[in-house]
Amino acid sequence: QMQLVESGGGLVQAGGSLRLSCAASGRTLTFYTLGWFRQAPGQERDFVAAIYWSTGNAYYADPVKGRFTISRDSAKNTVYLQMNSLKPEDTALYYCAAVRGFKVNYFNPESADYWGQGTQVTVSS
């Protein structure tokens, strides 16, 4: 069983930055894809970014390309989401998820094996 614990959410003005963290435990991450999803009220849970742990290959959803960066720290078993140039439409509950295998470019919510509890990001205009 894998545990994922997110942190780093908060309230920020448009144009600002936040860094989300997701600490993983309970499983070796070598053959896992770690990803971030977000869900706004009344909306579906959408893919944001993913990274394959062992190689660092990353993939991003179009709305966040050029603004968000996903990375990982193997020593801390932690994946990060650096969010810059935030917009009000980025406001959502952000979830960390994991799936076994190389699935960076087709990681959808239905395929996730593990989920974190979520962290709220609110961007004011």
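About the cut-offs
Residues numbered from 1 in each chain as written. Predicted model: local features only at pLDDT ≥ 70, side-chain atom pairs only at ≥ 80, totals over all residues. Heavy atoms only, no water. Salt bridge = Lys/Arg side-chain N within 4 Å of Asp/Glu carboxyl O. Helix = DSSP H or I, 4+ residues; strand = E, 2+ residues; numbered from the N terminus. Buried < 20%, exposed > 50% of the residue type's maximum accessible area, 1.4 Å probe, protein only. Phe/Tyr/Trp six-rings, centres within 6.5 Å; stacked < 30°, edge-to-face > 60°. Lys NZ or Arg CZ within 6 Å of the ring centre and 35° of its normal. Pairing = 2+ DSSP bridges. Axes fitted to C-alpha atoms, helices over the stretch in contact; angles between N-to-C directions. Contact = heavy atoms within 4.5 Å.

Visitor: Quick rundown of the pattern of salt bridges? Include the residues and the values.
Guide: As enumerated under the stated definition, the model contains three salt bridges in all. In this structure, aspartate 90 and arginine 38 form a salt bridge, with 2.9 Å as the shortest nitrogen-oxygen distance. Residue aspartate 90 is found in the loop between strand 8 (78-83) and strand 9 (92-100), and its partner arginine 38 is found in strand 4 (residues 32-39); the two are separated by 52 residues along the sequence. Like aspartate 90, the residue arginine 38 is buried in the burial classification. Aspartate 62 is paired through a salt bridge with lysine 65; the nearest N and O atoms lie 3.0 Å apart. Exposure remark for aspartate 62: the relative accessible area of 61% places this residue in the exposed category. Among the residues examined, lysine 65 registers a relative accessible area of 45% and is labelled partly exposed.

Visitor: Give me the packing of aromatic side chains: which residues, what numbers.
Guide: Scanning the model with the defined rule gives seven aromatic pairs in all. With a centroid separation of 6.5 Å and 45° between ring planes, the pair formed by tyrosine 32 and tyrosine 114 is classed as tilted. Here the residue tyrosine 32 occupies a position in strand 4, and tyrosine 114 occupies one in strand 10 (residues 114-115), the gap between them amounting to 82 residues. In this structure, tyrosine 32 and tyrosine 114 share a single accessibility class: buried. In textbook terms, an aromatic cluster arises when at least three aromatic residues are bridged by ring pairs, as seen for Phe37, Phe47, Tyr59, Tyr95, Phe107 and Trp115. Arginine 45 extends its terminal NZ or CZ atom over the ring of tryptophan 115, reaching a point 4.6 Å from the ring centre. Sitting over the face of the ring of tyrosine 59, lysine 65 holds its NZ or CZ atom 5.9 Å from the ring centroid.

Visitor: I'd love a proper account of the sheet that holds strand 1 (residues 3-7), names of residues and values included.
Guide: As summarised here, the arrangement of the four strands in space is 1-3-8-7, forming an open sheet in which the pairing is antiparallel. In this open sheet, the two strands that pair with only one neighbour each are strand 1 and strand 7 (68-73). Between one strand axis and the next, the sheet turns through 15° on average, direction left out of account. Strand direction decides the pairing type here: strand 3 (residues 18-25) and strand 8, joined by six bridges, are antiparallel.

Visitor: Before we move on, can you summarise the pairing of strand 3 with the specific residues and values?
Guide: Moving residue by residue along a regular strand, the side chains alternate between the two faces of the sheet. Inspection of the sheet shows strand 1 paired to strand 3 by five bridges, in the antiparallel sense. Paired with glutamine 3 across the strands is serine 25, a residue of strand 3.

Visitor: Quick rundown of the environment of glutamine 82? Include the residues and the values.
Guide: Mapped onto the secondary structure, glutamine 82 falls in strand 8. Distance in space between the C-alpha atoms of glutamine 82 and asparagine 105 is 19 Å, their sequence separation being 23 residues. The residues contacting glutamine 82, other than those within four sequence positions of it, are Ser17, Leu18, Arg19, Arg67, Phe68 and Thr69.

Visitor: Can you lay out the pairing of strand 9 for me, pointing to particular residues and giving the numbers?
Guide: Among the nine residues in strand 9, seven count as buried, and that is most of the element. Taken together, the eight bridges between strand 4 and strand 9 define a ladder with antiparallel strand orientation. By the bridge assignment for strand 9, arginine 38 is matched with tyrosine 94. Here strand 9 pairs with strand 11 (residues 119-124) via three bridges, running antiparallel. Following the sheet pairing, alanine 92 is matched in strand 11 by valine 121.

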